[in-house]
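# Overview (structure and organization)
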Amino acid sequence: MPKTLICMLLPTLFCSSFLFSQVRVSSEFESGSLGKYEIIDSSKVKISDKDSLKIYSVNIFSRFDPLNPIDTALAPSARWYYFKMTGVKGKQIFLNIKNSEAIRPFYSYDGINFKRFDASENINRNQVFKIFQKDTVYISHYIPYTYSRNQSKIREWAQKPFVKVEEIGKSQNGLAVDMLTITDTSIPDKGKKRVWIHGRSHPSEQPANWHLEALINNIVADTPEARDMRRETVFYIVPMINPDGVAGGYSRSTSTGVNIEINWDRPDSLTMPEVKLLKKKISQLTAEAPFDLLLNMHSQIANSATYWIHTAKSTSGRFLGKQILLSSLTMGDRNYYAPGDQSFSDMGSRYPEGWIWNQFGEKTVPITFETPYTFFTNNPAGEWVSTESLSALGLNSFNAVYDFLKIDGNSRIILEPAKFSKRRWENISDSSKVFFGDNFLKSKKEKSKIYFSKPYLEKGNYKLFVWFVGPAGTTFDEHENRWIKAGIVNQKNSGKFKWKGVAQSGETADAILLIKE
Ligand SMILES: [Zn+2]
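Residues numbered from 1 in each chain as written. Predicted model: local features only at pLDDT ≥ 70, side-chain atom pairs only at ≥ 80, totals over all residues. Heavy atoms only, no water.

## Points about the overall build of the protein chain
From N to C terminus, the protein chain includes 10 helices and 29 strands. Viewed in the frame of its principal axes, the protein chain has a C-alpha envelope of about 100 × 55 × 45 Å. Taken across its 517 residues, the protein chain has 55% of its residues classed as buried. A fraction of 74% describes how many contacts in the protein chain between residues 6 or more apart in sequence connect residues 24 or more apart. Looking at the protein chain as shown, the accessible area adds up to about 22,100 Å², and 51% of this sits on carbon and sulfur atoms. Averaged over its 67 positive side-chain charges, the protein chain has a centre that lies 4 Å from the centre of its 54 negative ones. (Helix = DSSP H or I, 4+ residues; strand = E, 2+ residues; numbered from the N terminus. Buried < 20%, exposed > 50% of the residue type's maximum accessible area, 1.4 Å probe, protein only. Contact = heavy atoms within 4.5 Å. Areas by Shrake-Rupley, 256 points an atom, 1.4 Å probe, with all protein chains shown as cover. Lys, Arg positive; Asp, Glu negative; His and termini not counted. Charge placed at Lys NZ, Arg CZ, Asp CG, Glu CD.)

If you want it as C-alpha cells, here you go:
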C-alpha cells in the first residue's frame, strides 16, 4: 500500500510523528556539540501533480559550556555547534539556530570537506534552509579543526629534520599537549631570535588553528625565506593548548568550564593543568633568554582580523610602536587586515601577555591575533573566511614575523641606512612613530642622499620597497606604515650591494626591503 494512502487512512497526529521519525540529529563524534534539538513542524507539500516535498523545521540549541568554577560571574558561551543530521536527503530543512550565531555556517556530507551555506540559504541570521543532496549531513559554525587533525599535522611536521616534537604535559583529561621546536639545528641556538606561538585556548575559534597551521607550513617550508628564518630563529609552537575543550566540542572553556585565557595571574590552585604546564615550559625557556615575540592565536566574532594592541599608558610608547610595527607588517596588501581593523586594550595580568610583560617588559612583544569567522575588513562583498584565505593570511603573518625580527636573509632582505650626512639628516627616536630599529631619519634639506648597503648580495633582480614611517596611532593613511614599492634593482654581479636614495626636506627615511624576483 502506498505511504500517502496510509496517511489518508490514519489520524493526522500519527502521520506527523511518522514524518518526524525520519530526521535525526546527533553530536556523538569528535568535537561534536549540541545542546538539544526539537523538530517543531513537518509537512508534506505537493510541488507538482506527481511530486511532493517533505519540509522539516528544527530548533537547534547550541550547548553552553559548564559554569566557570573559578569565575562564576562569567556567562558560559555556547558559540560552537557541530552536529550531524541523518534522514535529510531530498527534504527541505529549516534550521533555527539558538544560543549562537549562524552567519553562512558550514555543511559537509562526509565530515571532511566543508562548504559554506550560500547567502540564499541563510537570508536571515540564525536561520538556514536547504534541500540536502545526501542522507547524512554535518553542520558546523566553522570548519572543525579537531584534536586528531592537530595530531596528524604534528606527525607530518615532525618528519622534517629541523622540527622536534615534545609532549610538554597532559591536559586535565590526559590528552597530549605537544610543542614543536623549529630551527636550523646545524647552527647553535645561542644568539638566535626566539619566538613562542600558541593557539586555541578557546575551542570554538577554529579559524585561529587553520591560520596557525598555515603559518607553521610557511615556517617549515622549503623556501629561501623559511630557510633564512630557521637559520636565525628558534620557534616554540604549541598549536593546541586546550585539547580537552577542542575534543569535547566546548566553546571557550576546558571540559571543566574554566576559561584558561584569563587565569594567568591566579595561584596554581585556581587554574588548570594546561596553564600550569605552559607557564612551566615558558619559564624554563625564558631562563635562557627572553622571547622576542609571543603570538597568542584566537578568532573573534567581529568581521575583521585584528591584533589586540596594548595601550601606551598600560605599557610604554616604544612598546606600542613595536606592536603597531608588527600589526602593520601583517597587513601585507591589506586585503585581509587593514589599518581600521586594529584593536586596543590595556595590558592585563590575567592574560598570558600580561604575565610575560610583568616579567620581561619591552624585551618581548606578547600579543593576541584574531581571525574572523565570516569575512575580512568588515566587507561582506569581499572575500569570505576560508581555508584558502586563512592560508594567504598565514603567509602575511610569516612575512610580518620575518620583517619584525629583521632576518638577514638572501631573498627577502631588510636594510637600514648605512651612510648619511648628519648635516642633512636629523636622527629621530620618536615613540609616537612606527619604524625599524631605534630611530629613523628626517631630511633637513633638499636632495639629501642616503645610502643602503650589504656586503654580499646574489646577482639578480630585486623588487625594492621603502618603509613609510607613520603614526603609532589607532589608524593611519593608506601610504603610511607600509612597504611602498620604489622600483626594481638589478644586481649585475654577486657581491657588494649599494643603493642610494634621495629625499626632499621634511621627508623621512628608515628601512628598505629587497625581494628577489
Ligand atoms: Zn579567544
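Next, the rest of the story.
## Some details on the domain arrangement of the protein chain
Here the protein chain is described as being made up of domain 1 (3-140), domain 2 (162-404) and domain 3 (412-516). On a C-alpha basis, the centroid separation for the pair domain 1 and domain 2 is 35 Å. On the side of domain 2, 25 residues touch domain 1, which itself brings 22 residues to the contact. Approximately 1,900 Å² of surface area, both sides summed, lies buried where domain 1 meets domain 2, with 54% of it carried by carbon and sulfur atoms. At the junction of domain 1 with domain 2, the criterion picks out 1 salt bridge. Put simply, aspartate 71 and arginine 266 hold a salt bridge, and the shortest N to O gap is 2.8 Å. Where domain 1 packs against domain 2, one counts 14 residue pairs in polar contact (both at pLDDT 80 or more). Broken down by class, the residue content of the side of domain 1 that touches domain 2 amounts to 9 nonpolar, 5 polar and 8 charged. (Domains from an automatic or database assignment. Buried area = accessible area lost by both parts, 1.4 Å probe. Salt bridge = Lys/Arg side-chain N within 4 Å of Asp/Glu carboxyl O. Polar contact = N/O pair within 3.5 Å; in protein donor to acceptor, adjacent residues only side chain to side chain. Nonpolar A, V, L, I, M, F, W, Y, C, P; charged D, E, K, R; others polar.)

## Observations concerning the packing of helix α8 (residues 317-330) against helix α10 (residues 387-404)
Relative orientation of the contacting elements α8 and α10 amounts to 140°, with a least axis distance of 8 Å. The angle between the axes of α8 and α10 places the two elements in the oblique class. Between α8 and α10 the crossing geometry is right-handed. Note on element contacts: α10 touches α8 through Asn396, Ser397, Ala400, Asp403 and Phe404, opposite Lys322, Leu325, Leu326, Leu329 and Thr330. Of the residues belonging to the contact of α8 with α10, the class tally is 5 nonpolar, 3 polar and 2 charged. (Axes fitted to C-alpha atoms, helices over the stretch in contact; angles between N-to-C directions. Parallel < 35°, antiparallel > 145°, perpendicular 65-115°, else oblique. Left-handed = near helix turned anticlockwise from the far one by under 90°.)

## Observations concerning the coordination of the zinc ion
Protein-derived ligands of the zinc ion are His202 (ND1), Glu205 (OE), Glu205 (OE) and His298 (ND1), with the metal-ligand distances lying across 2.1 to 2.3 Å. Between the 4 donor atoms coordinating the zinc ion, the angles at the centre fall across 57 to 144°, so the site counts as irregular. On the primary sequence, the residues serving as donors to the zinc ion are separated as H-x2-E-x92-H. Across this residue pair, the class does not change: histidine 202 and glutamate 205 are buried. (Donors = N, O, S within 2.8 Å, 3.2 Å for Na, K, Ca; no water. Tetrahedral: all angles 85-135°; square planar, octahedral: opposite > 155°, others 65-115°.)

## Points about unusual backbone geometry
A positive phi is found at asparagine 99, a non-glycine position, where the angle reads about 75°. Mapped onto the elements, asparagine 99 comes out in the loop between β5 (92-98) and β6 (106-108). Taking the relative accessible area as the measure of exposure, asparagine 99 reaches 37% and is therefore partly exposed. Non-glycine residue threonine 377 carries a positive phi angle of around 45°. Mapped onto the elements of the fold, threonine 377 is located in the loop between β17 (365-372) and α10.

## Considerations on the pattern of salt bridges
Under the defined criterion, the tally for this structure stands at 24 salt bridges. Here lysine 36 makes a salt bridge to glutamate 38, at a shortest N to O gap of 4.0 Å. Residue class for glutamate 38 comes out partly exposed when judged on its relative accessible area of 30%. Between glutamate 121 and lysine 130 there is a salt bridge, and its shortest N-O distance comes to 2.8 Å. Residue classification places glutamate 121 among the buried residues on the basis of a relative accessible area of 11%. Of the residues examined, lysine 130 reaches a relative accessible area of 12% and is grouped as buried. Overlapping salt bridges, with partners in common, bring together Arg149, Lys153, Glu156 and Glu213 in one network.

## A look at the packing of helix α3 (residues 147-157) against helix α4 (residues 206-219)
Orientation of α3 relative to α4, taken along the N-to-C sense of each, is 5°, at an axis distance of 12 Å. When the axes of α3 and α4 are compared, the pair comes out roughly parallel. For the pair formed by α3 and α4, the contact residues are Arg149, Lys153 and Trp157 on the first element and Trp210, Glu213, Ile216 and Asn217 on the second.

## A word on the nonpolar core
Formed by 79 residues in total, the largest nonpolar core has its most connected members in Ile182, Ile197, Phe235, Ile237, Leu295 and Trp483. With 7 residues, α10 is the largest single contributor of residues to this core. With sequence-adjacent residues up to four places away left out, isoleucine 182 is seen in contact with Phe162, Val163, Ile216, Ile219, Val220, Arg230, Thr233, Val234, Phe235 and Ile237. Formed by 23 residues, the second largest nonpolar core is a distinct cluster that contains Val177, Ile241, Ile282 and Ile356. (Core = buried A, V, L, I, M, F, W, Y, C linked by side-chain atoms within 4.5 Å.)

## So, the confidence of the model for the protein chain
Averaged over every residue, the pLDDT of the protein chain is 95; residues scoring 70 or more account for 96%. Residue range residues 1-17 is modelled with pLDDT below 50. Its contacts to residues more than four positions away, or to other chains, number 7 contacts. (pLDDT = per-residue confidence, 0-100.)

## Let's talk about the sheet that holds β5
Judged by pairing direction, the sheet is mixed, and its 4 strands sit side by side in the order β2-β3-β5-β8 without closing on themselves. The sheet terminates laterally at β2 (36-46) and β8 (127-131), the two strands that pair on one side only. Averaged over all pairs of adjacent strands, the angle between their axes in this sheet comes to 15°, without regard to strand direction. (Pairing = 2+ DSSP bridges.)

## Some details on the environment of glycine 394
Of note, glycine 394 is situated in helix α10. Residue class for glycine 394 comes out buried when judged on its relative accessible area of 0%. Considering only alpha carbons, one finds glycine 394 and histidine 211, 183 residues apart in sequence, at a separation of 5.4 Å. When sequence neighbours within four positions are dropped, the list of residues in contact with glycine 394 reads His211, Ala214, Leu215 and Asn218.

## Describing the pairing of β5
Buried residues dominate β5, accounting for 5 of its 7 residues. Across 7 bridges, strand β3 (residues 52-61) lies against β5 in parallel orientation. In the strand pairing of β5, isoleucine 55 is matched with glutamine 92.

## Some words on the sheet that holds strand β20 (residues 425-428)
With antiparallel pairing, the 3 strands of this open sheet are ordered in space as β20-β22-β28. The open sheet has two free edges, formed respectively by β20 and β28 (508-509), since each of these has just one partner strand. Of the pairings in the sheet, the one linking strand β22 (residues 440-443) to β28 comprises 2 bridges and is antiparallel in character. Looking at β28, one finds that leucine 441 is bridged to alanine 509.

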